[in-house]
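Observations on chain architecture
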Amino acid sequence: SLSAGLDLPGRFLFATLTLMTLIAILVFIEEAVYIYKKIPSSKRSIIIWINAAAPVISTTSCIGMWIPRSAMFTDFTAGIFFAIVIHKFLMMMIKECGGQKVLLRRFENGHFTISTGPCCCCCPCLPRVPITRKTLFWLKLSTFQFAVFRPVLVFLSIVLWTNDNYTLYNLSPKGPALWISCLVGALTLFALWAVGIMFRKVRILLKCKNIIPKFALYQFIVILNHLQITIINMLATQKIIPCAPPLSSTARGSYIAHQLLIMEMFLITVISRVFYRRKYHDLEPPECVAEEPEDKKQTP
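If you're wondering where the values come from, they're calculated on a predicted model, not measured in any experiment.

Rules used in this analysis
Residues numbered from 1 in each chain as written. Predicted model: local features only at pLDDT ≥ 70, side-chain atom pairs only at ≥ 80, totals over all residues. Heavy atoms only, no water. Axes fitted to C-alpha atoms, helices over the stretch in contact; angles between N-to-C directions. Helix = DSSP H or I, 4+ residues; strand = E, 2+ residues; numbered from the N terminus. Parallel < 35°, antiparallel > 145°, perpendicular 65-115°, else oblique. Nonpolar A, V, L, I, M, F, W, Y, C, P; charged D, E, K, R; others polar. Salt bridge = Lys/Arg side-chain N within 4 Å of Asp/Glu carboxyl O. Buried < 20%, exposed > 50% of the residue type's maximum accessible area, 1.4 Å probe, protein only. Expected span 1.5 Å × (residues − 1). UniProt positions renumbered as here; feature names shortened; annotations may be inferred. pLDDT = per-residue confidence, 0-100. Contact = heavy atoms within 4.5 Å. Left-handed = near helix turned anticlockwise from the far one by under 90°. Core = buried A, V, L, I, M, F, W, Y, C linked by side-chain atoms within 4.5 Å. Patch = residues over 30% accessible without salt bridge, like charges linked within 9 Å, V, L, I, M, F, W, Y side chains within 5 Å. Areas by Shrake-Rupley, 256 points an atom, 1.4 Å probe, with all protein chains shown as cover. Polar contact = N/O pair within 3.5 Å; in protein donor to acceptor, adjacent residues only side chain to side chain.

**Digging into the packing of helix 3 (residues 71-96) against helix 5 (residues 133-162)**
Packing of helix 3 against helix 5 brings their axes to within 9 Å, and their N-to-C directions diverge by 170°. Regarding the angle of helix 3 to helix 5, the classification is roughly antiparallel. Taken together, the residues of the contact of helix 3 with helix 5 sort by class into 19 nonpolar, 4 polar and 2 charged.

**Regarding the pattern of salt bridges**
Following the criterion strictly, the structure yields 3 salt bridges and no others. In this structure, Arg273 and Glu30 form a salt bridge, with 3.1 Å as the shortest nitrogen-oxygen distance. Within this pair, whereas Arg273 is found in helix 8 (residues 249-276), its partner Glu30 is found in helix 1 (residues 8-38), the two being separated by 243 residues in sequence. According to the relative accessible area criterion, Glu30 is partly exposed, its value standing at 31%. Across the pair Glu96 and Lys209 runs a salt bridge, and its minimum N-O distance is 2.9 Å. Linking Glu96 in helix 3 with Lys209 in the loop between helix 6 (176-202) and helix 7 (211-237), this pair joins segments that are 113 residues apart in sequence. Of the residues examined, Glu96 reaches a relative accessible area of 1% and is grouped as buried. Residues participating in the shared-partner salt-bridge network are Lys43, Glu96 and Lys209.

**Focus: helix 3**
Taking 1.5 Å of rise per residue, the 26 residues of helix 3 would be expected to cover 38 Å, and the 36 Å separating its terminal C-alpha atoms lies within 8% of that figure. Most of helix 3 is tucked away, with 20 of its 26 residues classed as buried. Immediately downstream of helix 3, the backbone of Gly98 shows phi near 110°, a positive value.

**Description of the UniProt feature "transmembrane region" (unreviewed entry) in the protein**
Under the feature "transmembrane region" (unreviewed entry), the UniProt entry names residues 12-34, 46-67, 73-91, 137-161, 176-195, 215-236 and 256-276. Structurally, residues 176-195 comprises 100% helix and 0% strand, and the distance from its first C-alpha atom to its last is 29 Å. What you have in residues 215-236 is 100% helix and 0% strand, and the ends, taken at the C-alpha atoms, are 31 Å apart.

**Description of the confidence of the model for the protein**
For the protein, mean pLDDT is 81; residues scoring 70 or higher make up 85% of the total. At the level of individual helices and strands, the protein shows its lowest average pLDDT in helix 9 (residues 285-298), which scores 42, and its highest in helix 5, which scores 90. Below pLDDT 50 for its whole length, residues 281-300 participates in 17 contacts with residues either more than four positions away or in separate chains.

**A few points about the packing of helix 3 against helix 8**
Each pair of packed helices can be described by the angle between their axes along with the distance between the axes. At a minimum axis separation of 13 Å, helix 3 and helix 8 run at an interaxial angle of 25°. It follows that helix 3 is roughly parallel to helix 8 by the angle criterion. The chirality of how helix 3 crosses helix 8 is left-handed. Along its contact with helix 3, which presents Ala71, Thr74, Asp75, Phe89 and Met92, the element helix 8 presents Ser254, His258 and Tyr276.

**Quick look at the nonpolar core**
Ranked by size, the top nonpolar core spans 70 residues in total, and within it Phe89, Met93, Met198 and Tyr218 carry the most contacts. For this core, the secondary structure elements donating two or more residues are helix 1, helix 2 (41-66), helix 3, helix 4 (100-106), helix 5, helix 6, helix 7 and helix 8. For this core, the element with the highest residue contribution is helix 3, accounting for 14 residues. Dropping the residues within four chain positions of it, Phe89 is found in contact with Ile50, Val195, Ile211, Lys214, Phe215, Tyr218 and Tyr276. Counting 9 residues, the second largest nonpolar core, distinct from the first, contains Phe14, Met20, Cys62 and Tyr255.

**A closer look at a nonpolar patch on the surface**
There is a patch of nonpolar side chains on the surface, built from Phe137, Trp138, Leu141, Phe144, Val148, Phe149 and Val152 and spanning about 670 Å² of accessible area. Looking at where Trp138 falls in the secondary structure, it is placed in helix 5. A residue is classified by how much of its surface remains accessible, and Trp138, at 47% relative accessible area, is partly exposed.

**Description of the side chain of Ser61**
By the secondary structure assignment, Ser61 is in helix 2. Among the polar contacts made by the side chain of Ser61, one reaches the main-chain carbonyl oxygen of Ile57 at a distance of 2.8 Å. Beyond its immediate stretch of four places on either side in the chain, Ser61 contacts His258, Leu261 and Ile262.

Laid out in structure tokens, this is it:
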């Protein structure tokens, strides 16, 4: 086994990273208990889901580190969970504004700026879209489709893998891995685009709810869990990351990615505890509503 072939520094590294994963899980459990006791029931489950993203990714990475052959399944599990979290983050922003009805009342004559990342940041000429019940439905659908189709594509990948038709690192045009990865990438961009559009509109209103650092943490998870892993896997596929028996280049790339994710998700878990625990009873919607008339006076 891999653990039997480790030298003393390797065993120390494995033990340290495993301990960091356990601490991240304990921090999340403590935070979930606090949220359950202090947060209104309408927002409780959404915030717990979002806080669980980093500990879940850390746990799947730890399993992938100890059992390299399980990397495909652990990565798929983390991807499915985070697809749900993207939808939950959009719903959290709507809830923090007071719900859909209150949000529509606040921005009755407002517009969404759709020329934002990651899809249309280079297209400032795009028209602004009125904020209506219909546009809110399309934004929620953009994130919900990812939460639905990502598990379906993962299931399809596993079925093809059991039939020896799917190889994770085989990105040739004749193989299904390339097309499935491209489809997942497109669905991810649409989901992130919807969250970016909503955040750009509500970031000033929800500044009293620490939405900017929360969004920054969410963005870090996106970058580290998707872009970082993709870059490392590409380097491993091209043999830039050398093999180290008993690990091949691709297995070693996955091994390195999991170790980095454990450390990064540990830090994000600890930092998230600070921002999601900060005096929620002082940051209720009426405080934001009180600021709204001043904003309307300044608009003319």
